[in-house]
Amino acid sequence: MSSVPSLVWSSRENIRAQVLSLLQAAPSADPWLRFRIVGLLGIFGGPEQLPLLRTLLFDTREDFSVRNRALWVGARHGLRLSGTELSQLLHRTSARTCPGHYHLGPCGPSLGTLLDPARLDDDGTEVEAALLQVSSEERARILADSDTAPLPARLVEGLFTRWHQSDRHEVSEAGNLDVALAHRERPEAWKLLTEWTRELTAYDQQGLLYGGLSREELARLVRDAPDAMQRAANALLLPLSDLRGYFGEEALLRLLLRIVRAESSAWTVPYGLVERQPAFARATVLLCEWPEARPFLYRYLCDFTLATEVRHELLDSLFDHDRAVAIRWALVAARYADNTPLVRFVLRLAAQRPEPGDRPLFLTGLRGTDDVSQCFALEGLLALGESGASWCDRLGSLIHANHPAVRLRAAAGLAQQGRSEWLPMLRHAALEAPEPWLRADALRWLGQVDAEASRPVLLRALTTEGPWGNRQIAPGADEAVWALSRLGSVEDLCALLDASLKGCCSALLDEALEFHLARQEGHPVKNVPPPLRSYVADVLDGSLRVGAGT
């Protein structure tokens, strides 16, 4: 890593020249370096690099990963492939990772990825001839994906006609359903979808909803087929209005409550004697959406005989549909120790996007004895800007808490109030904490309260390899990228460039580089979002089982 030259932040043209020079000097024996360099051309390059990218794509001496990257970057800059070029790529196919999916090699792009930038010639015969080389299953897959990866209209028409006339007789049931679903605006596809849906199980009907079919559309498909309608209704797949009409309100309510009780039994009865309820997730939503059912939802939330996991899901749905009510419920529920897991869960949800109305719940969580609840409560209060002498006194007492994450948040809060003597504690945790999640947590707080003075710590985090090597995201890399991006000096941007070149795997890194380039060139651009906190939160509430650190 140290042998890779550093890049200097400057204009797009200057950075591009540096990147091109590095690519020319990068040895072919180091495809991972060449892959990263080509990726930077996706940000700092332009259409003028298309000849180079096309050369890389068709150069069989290049590693598959580099060729694939050249295709992705080229498509971003307007690369178009003729039918002849598409045929060349298909002829070089040397591996399949699953039946019917052609690739340029291991981990190569699918045929659909190649067709996305494909350019038809005058009569389309070259591309159509290339498609004859692949299986009917693969053509169906391309056709099903054409709504998310737009293809030329003439190509879509040809593929659909061939599928309807012949290919569908050779394609799997699932593949045909995908095509009909993607093109359901066509009368021929809707007719077939209607016929097939009426034979599907409730599980497969639900799969159509996941595939983009609306509940209203599903109701239309099964309306004149009593058996199919019954399966869809019993699985709660139809809109609420249709369910009320099919069952009647009292019977529907009894069904919802029966599903909730059965799901609870599945969690509590040993040996799996009671099956989980596939319709439970939908039942929780209906209990929130349907005003007449809300009183029963509230009753179940307070029912200690119900499995905690079931109450958890009911509360999750209520938070999504009526946050204020969920907060009020948690405030009352906090009086009972058995509700601690549920109150903790609401605190976690509220801390992700805190609102002023959440403050009473955060204060309640902070006064309790549950360490994890205190962590989420502190996050929320820090985000809301809690201040004052009593607040500092409370933080001072929490510096000595048992849980390391509580101590980190207390130190961050004191630093936020100008007590800089607690910053070394955060810096030490960011570098030396025994657990990766604790180091990531400390980096996040440093980025929020002391990024400028903690720049050396943040820079070091960018060069730290993850537990599985430099192709995996090291815990804390996203936090360091976000903090340095917010600082935004030339030194920081040079560090981000070098991190990208030298293998730092951060989901935010490319976004940060694009943001600063666009801002430098005067283009409107959205700020880089803060890193997701789910990793640390999962550790805190036990969803991710790792050591707690000391």
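Residues numbered from 1 in each chain as written. Predicted model: local features only at pLDDT ≥ 70, side-chain atom pairs only at ≥ 80, totals over all residues. Heavy atoms only, no water.

Undergrad: Can you tell me about the overall build of the protein, naming the residues and giving the values?
TA: Looking only at helices and strands, the protein features 32 helices and 2 strands. Sorting the 550 residues of the protein into buried and exposed places 51% on the buried side. Sequence separation of at least 24 residues holds for 62% of the intrachain contacts in the protein that already meet a minimum separation of 6. Of the accessible surface of the protein, which amounts to about 25,800 Å², a share of 52% is contributed by carbon and sulfur atoms. Within the protein, one finds 59 positive and 70 negative side-chain charges whose respective centroids are separated by 3 Å. (Helix = DSSP H or I, 4+ residues; strand = E, 2+ residues; numbered from the N terminus. Buried < 20%, exposed > 50% of the residue type's maximum accessible area, 1.4 Å probe, protein only. Contact = heavy atoms within 4.5 Å. Areas by Shrake-Rupley, 256 points an atom, 1.4 Å probe, with all protein chains shown as cover. Lys, Arg positive; Asp, Glu negative; His and termini not counted. Charge placed at Lys NZ, Arg CZ, Asp CG, Glu CD.)

Undergrad: Can you lay out unusual backbone geometry for me, pointing to particular residues and giving the numbers?
TA: Unlike most non-glycine residues, leucine 236 shows phi in positive territory, near 60 degrees. With respect to the helices and strands, the residue leucine 236 is situated in the loop between α14 (226–234) and α15 (240–247). Positioned with a positive phi, tyrosine 271 is a non-glycine residue whose angle comes to about 65 degrees. Along the chain, the position of tyrosine 271 falls in the loop between α16 (249–268) and α17 (280–289).

Undergrad: Account for empty space enclosed by the protein, naming residues and giving values.
TA: For the structure on display, the rule yields 1 cavity of 30 Å³ or more. Along the walls of the largest cavity sit Ser136, Arg139, Ala140, Leu143, Leu159, Trp163 and Asp167, which together make up its complete lining. Counting residues per element, the ones that place at least two in the lining of the largest cavity are α8 (136–144) and α9 (153–165). When residues of the lining of the largest cavity are assigned to their parent elements, the largest contribution, 4 residues, is made by α8. Grouping the constituent residues of the lining of the largest cavity by class yields 4 nonpolar, 1 polar and 2 charged. (1 Å grid on protein atoms, 1.4 Å probe; cavity = no way out; pocket = protein on both sides within 12 Å on 5 of 7 lines; lining within 4 Å. Points joined across faces, edges and corners; volume = space filled by probe spheres on them. Nonpolar A, V, L, I, M, F, W, Y, C, P; charged D, E, K, R; others polar.)

Undergrad: An account of the environment of tyrosine 210 is requested, with residue identities and associated values reported.
TA: Of note, tyrosine 210 is situated in helix α12 (residues 202–210). Given the relative accessible area of 70%, tyrosine 210 is considered exposed. Residues tyrosine 210 and alanine 330, spaced 120 residues apart in sequence, show a C-alpha to C-alpha distance of 32 Å.

Undergrad: Go over α12, please, and point to the residues and values.
TA: Those residues of α12 that sit buried are Gln205, Leu208 and Leu209. Buried residues of α12, viewed axially, fall in a sector of 105 degrees; they line one side. What points out from α12, more than 90 degrees from its buried face, is the exposed set Tyr203 and Tyr210. Next to the buried residues of α12 lie α10 (173–182), α11 (187–197), α13 (215–222) and α14. Glycine 212 lies just past α12 and shows a positive phi near 115 degrees. (Arc of directions from axis to C-beta.)

Undergrad: Account for the packing of helix α1 (residues 12–25) against helix α2 (residues 31–44), with residues named and values stated.
TA: Across the interface, α1 lies against α2 with an axial gap of 10 Å and an inter-helix angle of 160 degrees. Classified by the angle their axes make, α1 and α2 are roughly antiparallel. Classified by chirality, the crossing of α2 by α1 is left-handed. Judged by residue contacts, Arg12, Ile15, Arg16, Val19, Leu20, Leu22 and Leu23 of α1 engage Arg34, Ile37, Val38, Leu40, Leu41, Ile43 and Phe44 from α2. Split by residue class, the contact of α1 with α2 holds 11 nonpolar, no polar and 3 charged. (Axes fitted to C-alpha atoms, helices over the stretch in contact; angles between N-to-C directions. Parallel < 35°, antiparallel > 145°, perpendicular 65-115°, else oblique. Left-handed = near helix turned anticlockwise from the far one by under 90°.)

Undergrad: Residue-level account of the packing of aromatic side chains, with values.
TA: Under the criterion given, the structure shown has 4 aromatic pairs. Ring centres 5.5 Å apart and planes at 45 degrees place the aromatic pair phenylalanine 160 and tryptophan 163 in the tilted group. Here the residue phenylalanine 160 and the residue tryptophan 163 both occupy positions in helix α9, the gap between them amounting to 3 residues, near one helical turn. For the residue pair phenylalanine 160 and tryptophan 163, the accessibility class agrees, reading buried in each case. Positioned over the ring face of tryptophan 445 is arginine 444, at 4.5 Å from the centre of the ring. (Phe/Tyr/Trp six-rings, centres within 6.5 Å; stacked < 30°, edge-to-face > 60°. Lys NZ or Arg CZ within 6 Å of the ring centre and 35° of its normal.)

Undergrad: Can you break down the pattern of salt bridges residue by residue, with the values?
TA: Taken as a whole, this structure holds 30 salt bridges when the rule is applied. A salt bridge links aspartate 322 to arginine 294; its shortest N-O distance comes to 3.5 Å. Separated by 28 residues along the polypeptide, aspartate 322 in the loop between α19 (308–321) and α20 (323–333) and arginine 294 in helix α18 (residues 294–301) bring together distant segments of the chain. Where salt bridges share partners, they join Glu379, Arg409, Asp441 and Arg444 into one cluster. (Salt bridge = Lys/Arg side-chain N within 4 Å of Asp/Glu carboxyl O.)

Undergrad: Residues and numbers for the side chain of aspartate 492, please.
TA: Mapped onto the fold, aspartate 492 is located in helix α30 (residues 490–501). Note on aspartate 492: relative accessible area 0%, which makes it buried. Those residues in contact with aspartate 492 that sit more than four places away from it in its chain are Arg455, Leu484 and Leu487.

Undergrad: I'd like a description of the environment of aspartate 316, backed by residues and values.
TA: Looking at the secondary structure, you find aspartate 316 in helix α19. Each C-alpha atom, one on aspartate 316 and one on alanine 180, is 34 Å from the other, the two residues being 136 residues apart in sequence. Excluding its chain neighbours within four sequence positions, the residues that come into contact with aspartate 316 are Phe345 and Leu349.

Undergrad: Outline the packing of α8 against α10, supporting the account with residue identities and numerical values.
TA: Between α8 and α10, the shortest axis-to-axis distance is 8 Å and the interhelical angle comes to 30 degrees. Taken as axis vectors, α8 and α10 run roughly parallel relative to one another. Helix-helix and strand crossings are classified by hand; for α8 and α10 the assignment is left-handed. Here α8 contributes Glu137, Ala140, Arg141, Leu143 and Ala144 to the contact with α10, which in turn contributes Gly175, Asp178, Val179 and Ala182.

Undergrad: Explain the state of the cysteines residue by residue, including any values.
TA: In total, this model carries 0 disulfides according to the counting rule given. We note that cysteine 375 lacks a disulfide partner, and the nearest cysteine sulfur, in cysteine 392, lies 19 Å from it. Cysteine 375 sits in the buried class, given a relative accessible area of 0%. (Disulfide = S-S within 2.5 Å.)

Undergrad: Hey, could you go over helix α26 (residues 423–432) for me, with residue numbers and the actual values?
TA: Two residues of an α-helix separated by three or four positions point the same way, owing to the 3.6 residues in each turn. Taken residue by residue, α26 has Leu423, Leu426, Ala429 and Ala430 as its buried positions. Each buried residue of α26 lies within a common arc of 130 degrees when the element is viewed along its axis, so the set occupies one face. In the core, the buried residues of α26 are packed alongside α25 (404–416), α27 (436–449) and α28 (455–462).

Undergrad: Could you give an account of a nonpolar patch on the surface, naming the residues involved and the relevant values?
TA: Taken together, the side chains of Val269, Tyr271 and Leu273 make up a nonpolar region of the molecular surface, amounting to roughly 380 Å² of accessible area. For leucine 273, the location among the structural elements is in the loop between α16 and α17. Judged by relative accessible area, which is 64%, leucine 273 ranks as exposed. (Patch = residues over 30% accessible without salt bridge, like charges linked within 9 Å, V, L, I, M, F, W, Y side chains within 5 Å.)

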